[in-house]
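The primary structure of each chain is shown beneath.
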Amino acid sequence: MDKNTSKSALEIKARTWLQDRGVTLDHIAELVHYLQSKYHDDLSMEECKEHVDRVLSKREIQNAILTGIQLDVLAEQKKLEEPLQQTIETDESLYGVDEVIAFSIVNVYGSIGFTNYGYIDKQKPGILKKLNDKSSGECHTFLDDIVGAIAAAASSRLAHSAANDKDID
Ligand code: MG
């Protein structure tokens, strides 16, 4: 089957929404490269992109993307009820549900992902820095964690495939 026609409506929506919110496959692949280039000689951007693509094809990850972006957008439009509106709009540090959604993504590829997620969440390289810029007027309370988590999951996938782990899908 053609690669595009085999994508579900859910998958197409998740990929479109990421794009609409300013996050491309290349952005996430750059994060994977940032996390993994020191462990793999001559790691190419193409290879990183392939792992991101495979992570994005998983249903639980598509659902996390749609849920998080939906809440970000509603917060941006001031359509949530208080106190949730204020909490999400200001990215309150003790909220924590954004990170729980991120963990659900990282969890898909096992525990290596948690270390990668923690590290990238502290460093905030590339697109993560932009998503965290509070002066933009945009709300990415959920998306920054989701993007970091996708990169962490893709990094785990890469590590498993480099180790020739046949169980990885
Ligand atoms: Mg957040």
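Residues numbered from 1 in each chain as written. Predicted model: local features only at pLDDT ≥ 70, side-chain atom pairs only at ≥ 80, totals over all residues. Heavy atoms only, no water.

**Examining the coordination of the magnesium ion**
- Bound to the magnesium ion on the protein side are Asp-98 (OD), Thr-141 (O) and Asp-145 (OD), at distances that span 2.1 to 2.4 Å.
- Within one chain, the residues donating to the magnesium ion are spaced in sequence as D-x42-T-x3-D. Of the two residues, Asp-98 is situated in helix α6 (residues 97-106) and Thr-141 in the loop between α8 (127-131) and α9 (143-162); the sequence distance between them amounts to 43 residues. Each member of the pair Asp-98 and Thr-141 is classed as buried. (Donors = N, O, S within 2.8 Å, 3.2 Å for Na, K, Ca; no water. Helix = DSSP H or I, 4+ residues; strand = E, 2+ residues; numbered from the N terminus. Buried < 20%, exposed > 50% of the residue type's maximum accessible area, 1.4 Å probe, protein only.)

**A few points about the pattern of salt bridges**
- Overall, the coordinates contain 7 salt bridges when judged by the stated rule.
- Taking the shortest distance from any N to any O, the salt bridge between Asp-53 and Arg-15 comes out at 2.9 Å. Here Asp-53 is found in helix α3 (residues 45-56), whereas its partner Arg-15 is found in helix α1 (residues 9-20), with 38 residues between them in sequence. Summarising the burial analysis for this pair, Asp-53 and Arg-15 share the class buried.
- Members of the salt-bridge network, linked through shared partners, are Glu-11, Arg-15 and Asp-53. (Salt bridge = Lys/Arg side-chain N within 4 Å of Asp/Glu carboxyl O.)

**Some thoughts on the packing of α1 against helix α4 (residues 59-76)**
- Across the interface, α1 lies against α4 with an axial gap of 9 Å and an inter-helix angle of 45 degrees. What the angle tells us is that α1 and α4 run oblique. When the axes of α1 and α4 are compared, the crossing they make is left-handed. Taken together, the residues of α4 that come into contact with α1 (itself represented by Leu-10, Glu-11, Lys-13, Ala-14, Trp-17 and Leu-18) are Arg-59, Gln-62, Asn-63, Ile-65, Leu-66, Ile-69 and Gln-70.
- Class assignment of the residues belonging to the contact of α1 with α4 gives a composition of 7 nonpolar, 3 polar and 3 charged. (Axes fitted to C-alpha atoms, helices over the stretch in contact; angles between N-to-C directions. Parallel < 35°, antiparallel > 145°, perpendicular 65-115°, else oblique. Left-handed = near helix turned anticlockwise from the far one by under 90°. Contact = heavy atoms within 4.5 Å. Nonpolar A, V, L, I, M, F, W, Y, C, P; charged D, E, K, R; others polar.)

**Side note on the layout of surface pockets**
- Roughly 180 Å³ of volume is contained in the largest pocket.
- Glu-89, Lys-134, Glu-138, Cys-139 and His-140 are the residues nearest the centre of the largest pocket, which is lined by 17 residues in total.
- Mapped onto the lining of the largest pocket, the elements with two or more residues apiece are α4 and α5 (84-89).
- A breakdown of the residues in the lining of the largest pocket according to their chemical character gives 4 nonpolar, 5 polar and 8 charged. (1 Å grid on protein atoms, 1.4 Å probe; cavity = no way out; pocket = protein on both sides within 12 Å on 5 of 7 lines; lining within 4 Å. Points joined across faces, edges and corners; volume = space filled by probe spheres on them.)

**Concerning α4**
- Counted at 1.5 Å a residue, the expected span for α4 with its 18 residues is 26 Å, and the 26 Å between its end C-alpha atoms agrees.
- What α4 keeps buried is the set Ile-61, Gln-62, Ala-64, Ile-65, Leu-66, Gly-68, Ile-69, Asp-72, Val-73 and Ala-75.
- Among the structural elements, α1, α3, α5, α6 and α9 are those in contact with the buried residues of α4.
- Of the residues trailing α4, Lys-78 is marked for its positive phi of about 55 degrees. (Expected span 1.5 Å × (residues − 1).)

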